[in-house]
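# Commentary on secondary and tertiary structure
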Amino acid sequence: MSEPAGSPEDMTEGPDVSGLTWRVRLAVAVLILFAIGVVLFTNQWLTQRFTETTRSRAELRLALYSGNILTELQRNSVVPLLLARDPELIGALTSGNFALTSQRLISFQSEIGAASILLLDSGGRVVAATTRQRIGTNYSGEAFFVEAQRAGETVFSAAQRAEGGFGFSYSRALVAENRTIGVIVVEVDLAKYERAWAGLQDAVAVTDSQGTVMLATEPRWRGLPLEDAISLIDAANPLTRAFKATADWASSPGETADTYVKGEAVMQTAARIPFRGWRLVTFTAYDSVRERVNGVLALEIMGFAILLALTFYLLSRRALSRSEFFQRESAELRLLNARLQREIAERERVQKTLAVAEQTLAQSSKLAALGEMSAAVSHELNQPLAAMKTYLAGARLLLQRRRSEEALSSFQRIDDLIDRMGAITRQLKSYARKGGEAFEPVDVKQAISSALSMMEPQLKSRVIRITRTLPRNPVMVLADRVRLEQVIINLLRNAIDATRGRADPAIDILLSAGETATLAVRDNGHGIADPETLFEPFYTTKKPGEGVGLGLAISSGIVNDLGGRLTARNGESGGAVFEVQLPLMGAQRPPVREPNVPDPVAARPDATTQAAE
């Protein structure tokens, strides 16, 4: 097909405006200037109006928040005075009989609504409390105890806790026969308002008379002066910097900003709480103001754009009608040419992909059997062989010392390991089959004990603190016992290797039974560097000769065969957490008491065993 006369560039040129009269040009310029002026005026006027509305709403919220805090403080302030005169509390402190005192405090708590109530003797030790775990704790050095004994009246205390938050309490001394016999402490839960504020878009903070932040929706602000707290600016990522650099001129509040929090202009509103010079401060973002202003501006700009578009359409209609035919023909030619080019490129890509796939498939089929069987056998038999070597060395020493009965016990363990190696080899032969003919009811708790017994030589070679949290009742699953123990051993071995460089190595084993049986193995090692490739075969971070990188890949395959899932993540306080989830058996056995079976790991002096309800 021959090209039409004229190039596509000539055909698609816009209208020729050189012939427009000076009156038309002046009208278009005036329209553009008028549109710019209207948008600027609207932006300034609406910004001021919406900012005032937002500030009024913030002041109303401040009044509500400060009223709630003051009400809570006043409601709890009279409680110590009433309890300090309670004859039963005074009698308990005098006689030293606190059998029913905690129950009485609990009844007071439910009626008053206090966070907690503590009764301290003259030495500062908690003798009764609504939270029984705190009984026996000594607070002789705390401010609320010392000041209550000195003042002789109700004392309010606010102290920062170790975890960063603040604790608020009222305390008063109990006096009998003109001597102080104890102190009653009523703790006030102001953190509930902090939790309620966390769901708002505003940042809220409560400061004391010195300007120190005690309550805040930003946890990092607690304990800091307010000026230092709001100066904590997070480093912006490249995407945030790009957005700020290209921000629309209408999105900035300009000179209306009161302060800056995390580099963002915010509206600061403060109110005084009539209690010890406290102040309540809120920081409201201008996002709502900007959204509403920009919405109106968008409508105005759209209207002017439509008006300008209609104007240019009327001016260019004659030129467009003249070149319409040539544009249609050139567009069809371009579409046809682009379609042919796409088909050619797609065919070439498919041919290259097919050639690469054939080569990859041939290479994979050659290495699949060799890599999976040889490396798997080498990896899975390494643990029993190492244990057998340890037992043989121990048996040799026992025979030299003529302790034949103990040596026979070592030989029996070697015989058990040989049986286990045979089971592993039989399992590897049927690894490709997904059938469940070898499944049987298995107690996960017993599987954990068996795996720990297998790992006994490695655990004895180092001082590792092992914590087990197990339910009292059996956790039954339908599985292959040997393969399940194999997974647990692999996870324990990885945890031991991960804590090799730690001064205080620790491994936590947690088992729970909910909708599924969940087994978690947690260590305090260096964590997981690349979770995406963790379960891929031959991926390992160990030195050459220490591992081939098949343990987690095989364990993941075993758990999948059992109908479960194996996941890994980094712990919040460091280290790695591996979690195995398996479906529970449909018919659960009735709860039974856990037998008292001696555990080789629990007998070690550095091991810790815990049982959770």
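Below is a summary of the structure that appears in this document. (Residues numbered from 1 in each chain as written. Predicted model: local features only at pLDDT ≥ 70, side-chain atom pairs only at ≥ 80, totals over all residues. Heavy atoms only, no water.)

With that out of the way, let us pick up the overall build of the protein chain. Helices and strands together make up the secondary structure of the protein chain, namely 16 helices and 18 strands. Expressed as a percentage of its 613 residues, the buried residues of the protein chain come to 38%. Taking all contacts inside the protein chain whose residues are at least 6 apart in sequence as the whole, residues at least 24 apart take part in 64%. Taken as a whole, the protein chain presents about 36,100 Å² of accessible surface, with 55% of it coming from carbon and sulfur. (Helix = DSSP H or I, 4+ residues; strand = E, 2+ residues; numbered from the N terminus. Buried < 20%, exposed > 50% of the residue type's maximum accessible area, 1.4 Å probe, protein only. Contact = heavy atoms within 4.5 Å. Areas by Shrake-Rupley, 256 points an atom, 1.4 Å probe, with all protein chains shown as cover.)

Let us now look at the packing of helix 15 (residues 481-498) against helix 16 (residues 551-561). Remark: helix 15 packs on helix 16, axes separated minimally by 9 Å, with the N-to-C direction vectors making an angle of 145°. Pair helix 15 / helix 16 crosses with left-handed handedness. Only Gly 551, Leu 552, Ile 554, Ser 555, Ile 558, Val 559 and Asp 561 of helix 16 make contact with helix 15, whose side of the interface consists of Arg 483, Gln 486, Val 487, Asn 490, Leu 491 and Asn 494. Partitioned by chemical class, the residues of the contact of helix 15 with helix 16 number six nonpolar, five polar and two charged. (Axes fitted to C-alpha atoms, helices over the stretch in contact; angles between N-to-C directions. Left-handed = near helix turned anticlockwise from the far one by under 90°. Nonpolar A, V, L, I, M, F, W, Y, C, P; charged D, E, K, R; others polar.)

Taken together, the five strands give an open sheet; going across it, the order is 2-1-5-4-3, and neighbouring strands pair in antiparallel fashion. Unpaired on one side and paired on the other, strand 2 (126-129) and strand 3 (155-160) mark the two borders of the sheet. Taken pair by pair, the neighbouring strands of this sheet meet at an average axis angle of 25°, ignoring direction. Strand direction decides the pairing type here: strand 1 (residues 116-121) and strand 2, joined by three bridges, are antiparallel. (Pairing = 2+ DSSP bridges.)

This part is about the packing of aromatic side chains. Under the definition given, this model contains 10 aromatic pairs. An angle of 90° between the planes, with centres 5.0 Å apart, marks the rings of Phe 156 and Phe 275 as edge-to-face. Here the residue Phe 156 occupies a position in strand 3, and Phe 275 occupies one in the loop between strand 9 (264-273) and strand 10 (278-285), the gap between them amounting to 119 residues. Grouping residues by exposure puts Phe 156 and Phe 275 together as buried. Relative to Phe 168, the ring of Phe 166 has its centre 6.5 Å away and its plane inclined at 20°; by these criteria the two rings are stacked. A relative accessible area of 13% places Phe 166 in the buried class. With a relative accessible area of 2%, Phe 168 lands in the buried category. Members of the aromatic cluster, each reached through a chain of ring pairs, are Phe 156, Phe 166, Phe 168, Tyr 170, Phe 275 and Trp 278. (Phe/Tyr/Trp six-rings, centres within 6.5 Å; stacked < 30°, edge-to-face > 60°.)

Our next topic: the nonpolar core. Ile 448 and Leu 492 are the most contacted members of the largest nonpolar core, which totals 48 residues. The dominant element in this core, judged by the number of residues it contributes, is helix 15, at eight residues. Once you skip the residues sitting within four places of it in the chain, Leu 492 turns out to touch Ala 451, Leu 452, Met 455, Ile 507, Ile 509 and Val 521. Phe 168, Tyr 170, Met 214 and Ile 273 belong to the second largest nonpolar core, which has 21 residues in total. (Core = buried A, V, L, I, M, F, W, Y, C linked by side-chain atoms within 4.5 Å.)

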